[in-house]
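Fold and geometry: a report
Each chain is listed here by its residues.
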Amino acid sequence: MPRDRIYTRRIATEGDRPTRGHPPGRFARARRVAAIALALCVGVAAPAAAQQLSAGAAAKAPKADRDGDRVFDDLEQRLAPRARDERVDVIVTLESSASAARVKDLERRVGPLTVRNRFSVVDGFAARASKAQVAELAQRPGVVTVESDGRVRALNQSGSQAFGVTRARLDNSSLDGNRDGSPARYSARDMVAAVLDTGIDARHRDLDEGKVLAFANCAGGRCARRRAFDGNGHGTHVSATLAGEGDALPDRRNRGVAPAAALVGVKVLGADGTAAERNVIAGVGWVVANRRRYGIEAINMSLGGYGCSSGTDAMSRAANRAAAAGLVVVAAAGNAGPERCTINAPAAASGALAVGSMADPAHGGFLASWNSGRGQFGRRIKPDVMGPGTGVISARSGSRTGYVTKAGTSTASPFVAGVALLMRDANPGIPAATIRSRLKATAFDWGPAGPDIDFGWGRLNAYAALRSAGARRLASPPVPPDHRLFEGRFAARNEVRNFPLEVRNRCTPIAAGLVTVPWNGYNVSGDYDFDVRLFDPAGNEVEKGTGLSDERQDDISHLPGRLGTYRLEVSSYKGTGNFFADVSAGLSPSAGAPARCSAP
Ligand SMILES: [Ca+2]
Ligand SMILES: [Ca+2]
Ligand SMILES: [Ca+2]
Ligand SMILES: [Ca+2]
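Residues numbered from 1 in each chain as written. Chains lettered and ligands numbered in written order. Predicted model: local features only at pLDDT ≥ 70, side-chain atom pairs only at ≥ 80, totals over all residues. Heavy atoms only, no water.

What follows deals with helix H9 (residues 277-294). With 18 residues, H9 extends 24 Å from end C-alpha to end C-alpha; this agrees with the ideal 26 Å at 1.5 Å per step. In the structure, H9 departs most strongly from a straight axis at Val 288, where the bend amounts to approximately 35 degrees. Extensive coverage of H9 is indicated by the burial of 15 of its 18 residues. Immediately downstream of H9, the backbone of Gly 295 shows phi near 65 degrees, a positive value. (Helix = DSSP H or I, 4+ residues; strand = E, 2+ residues; numbered from the N terminus. Expected span 1.5 Å × (residues − 1). Bend = angle between axes of the 7 residues up to and from the residue. Buried < 20%, exposed > 50% of the residue type's maximum accessible area, 1.4 Å probe, protein only.)

Now the structure itself:
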């Protein structure tokens, strides 16, 4: 292997990496410290909700009680520096209902608590309690856990066609979420999704005409009905991705996944995109209590707490309760990646479908490097599936016809929730658990064979999911880009592996995502640094990977200029270990080709 050549050329290219396809500021690699600083700068440019992702994830204790003393690690961490009488917001879960009498009885034992709310959807309550009271509460019979009432935030970052929805609706135009006889009218008899978010701007053309059947404001932890509004814009974008009519434009090209479905807005996040966890628990409770009244079939939560969760916390239990009540619960996996164990509640709940994000294969098809995931508690695998989460165009709040492009698992989650609604539209009797399992079983397997901690069960295949749910007339599945997985191991630095790619159509980008395993966190110490480059049939280098600040992943996207054998080169710039590379490309004449592409 020509190690010396590679090494020499590497030095020449340091700090000069292309940034295409990624959020801004992701080109640093020569100086690891600078790279971390840049990650924080990305947060400043993003909405407030996303700012703390990079900064807070590493230090945050998980939502889990690893030592079994009934006090969650996140609360232990929060209480550690505090005095005995200092009070913090907590959530207490109980073996049975948090009746007023039961809470009063606890107060008689541990002293007065400032009770914020008693929950209906889980047995428990939110309160302010001192460090000493937390210790006493954990000893009381009937108390299951005491955890921090932490913050949740909208999971922002900033292609129906590629994920099979467009083709499914071409084959069966009745797959739109309408079930009450008129696509122009909205009612509880239509497919209905509840969107727990910052609100919904129901004056946008894509969300007007009665689409928002009801709106509840749960700010402050108690839900009350009021007129729909969105002081942030996140919830509006999410809502229109799920069910936007698309009529803000004449050709309706930005319509949502289930454009004739109705929505119920549940405002749990403030205008700054954050809120206390108790708001979310209250919001889920409101949806469960009102599901029959408004015909709610699914819940979308493009939000999450900080730090990873074992799925046993109160928000996760609320999600599980909603799933047990028959609702399809879909939650964004989070954008806190690529650190280990970054999926937070409610996506961590076993009853929630945790959605990670990928670029639309037409735009490259790689795993979004900000995905949360990678090794949850025990043997559980999260995320569950990958949806489209880069360059997603959807309604802009505060405008009648405006659109805005966003990215992140926030945008992938409502897409999957929309597909879940269409599965119910095709088969109203299908249980929520079956929808979850079919969405997973029909996904295209990416990454290492079988479910894995990066891609979960794989890339959403909406067409196959709808067919498996019983949707009729789906007889012409779209041909996805060809997918190859290359795996290997480097025993020393500067080793090189080459993988040939016989490209047979020029309409499908060659996209490669190199992932280094075992995962080793931010490579600030330079433990691993593997690189990927692409050479055309003439041997010219046409692309080199856009490694991010984490260095665990290195991506390429290239529209081939010619047919023939391209060469993907993977090399170890630093460190040793295993790697895998997912490649998507047009290795057969028709694979993944957009309908309008006429190149051979
Ligand atoms: Ca503990
Ligand atoms: Ca209707
Ligand atoms: Ca409209
Ligand atoms: Ca896999």
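What follows continues from the structure just given.
Here four strands make up an open sheet; going across it, the order is S2-S3-S1-S4 and the pairing antiparallel. The sheet is open, and its two edges are formed by strand S2 (114-118) and strand S4 (143-148), each paired on a single side. Between one strand and the next, the sheet's axes are offset by a mean angle of 25 degrees, whatever the strand orientation. Where strand S1 (residues 87-94) meets strand S3 (residues 124-130), seven bridges bridge the pair, whose relative direction is antiparallel. Along S3, the bridge assignment pairs Val 88 with Ala 129. (Pairing = 2+ DSSP bridges. Axes fitted to C-alpha atoms, helices over the stretch in contact; angles between N-to-C directions.)

This part covers the packing of aromatic side chains. Evaluated as defined, the whole model comprises eight aromatic pairs. Ring geometry for Trp 286 against Tyr 294: centres 5.9 Å apart, planes inclined by 25 degrees, an arrangement best described as stacked. With a centroid separation of 6.5 Å and 90 degrees between ring planes, the pair formed by Phe 530 and Phe 579 is classed as edge-to-face. One end of the pair, Phe 530, is in strand S21 (residues 529-535); the other, Phe 579, is in strand S25 (residues 577-585), and 49 residues separate them in sequence. Accessibility expressed as a relative area gives 1% for Phe 530, which makes it buried. In this structure an aromatic cluster arises from ring pairing among Phe 486, Phe 490, Phe 499, Phe 530 and Phe 579. Looking at Arg 153, its charged tip hangs above the ring of Tyr 306, at a distance of 4.3 Å from the centre. We note Lys 440 situated over the ring of Trp 457; from NZ or CZ to the ring centre the distance is 4.0 Å. (Phe/Tyr/Trp six-rings, centres within 6.5 Å; stacked < 30°, edge-to-face > 60°. Lys NZ or Arg CZ within 6 Å of the ring centre and 35° of its normal.)

Below, the discussion takes up the coordination of the calcium ion (ligand 1). Distances from the calcium ion (ligand 1) to its protein donors, Asp 65 (OD), Asp 67 (OD), Asp 69 (OD), Val 71 (O) and Glu 76 (OE), fall at 2.2 to 2.4 Å. Here the donor residues of the calcium ion (ligand 1) are spaced in sequence according to D-x1-D-x1-D-x1-V-x4-E. (Donors = N, O, S within 2.8 Å, 3.2 Å for Na, K, Ca; no water.)

Pairing between sheet strands relies on hydrogen bonds along the backbone, with the strands arranged either parallel or antiparallel. In space, the eight strands of this open sheet follow the order S8-S7-S9-S6-S11-S13-S14-S15, with mixed pairing throughout. Strand pairing shows two members of the sheet lacking a second neighbour, strand S8 (224-225) and strand S15 (385-388), which therefore form its edges. In the sheet, strand S7 (residues 212-217) pairs with S8 via two bridges, with the strands oriented antiparallel. Following the sheet pairing, Asn 217 is matched in S8 by Ala 224. Here H9 sits on the sheet in contact with strand S6 (192-197), S7, S8, strand S9 (262-267) and strand S11 (296-301), set at roughly 160 degrees to S11. Relative to strand S14 (residues 352-358), helix H12 (residues 432-441) is tilted by about 30 degrees, and along the sheet it contacts strand S13 (328-332), S14 and S15. (Contact = heavy atoms within 4.5 Å.)

Scanning the entire structure with this criterion turns up 24 salt bridges. The salt bridge partner of Arg 278 is Asp 149, with a shortest N-O separation of 2.6 Å. The salt bridge involving Glu 541 is made with Arg 533; its shortest N-O contact spans 2.6 Å. A residue is classified by how much of its surface remains accessible, and Arg 533, at 6% relative accessible area, is buried. (Salt bridge = Lys/Arg side-chain N within 4 Å of Asp/Glu carboxyl O.)

Note: most residues except glycine have negative phi, and most peptide bonds are trans. A cis amide bond links Ala 345 with the next residue in sequence, Pro 346, at an omega value of 5 degrees. Along the polypeptide, Pro 346 turns up in the loop between S13 and S14. In this structure, Pro 383 follows Lys 382 across a cis peptide bond, with omega equal to 5 degrees. Phi at Arg 70 is positive, roughly 75 degrees, even though this residue is not glycine.

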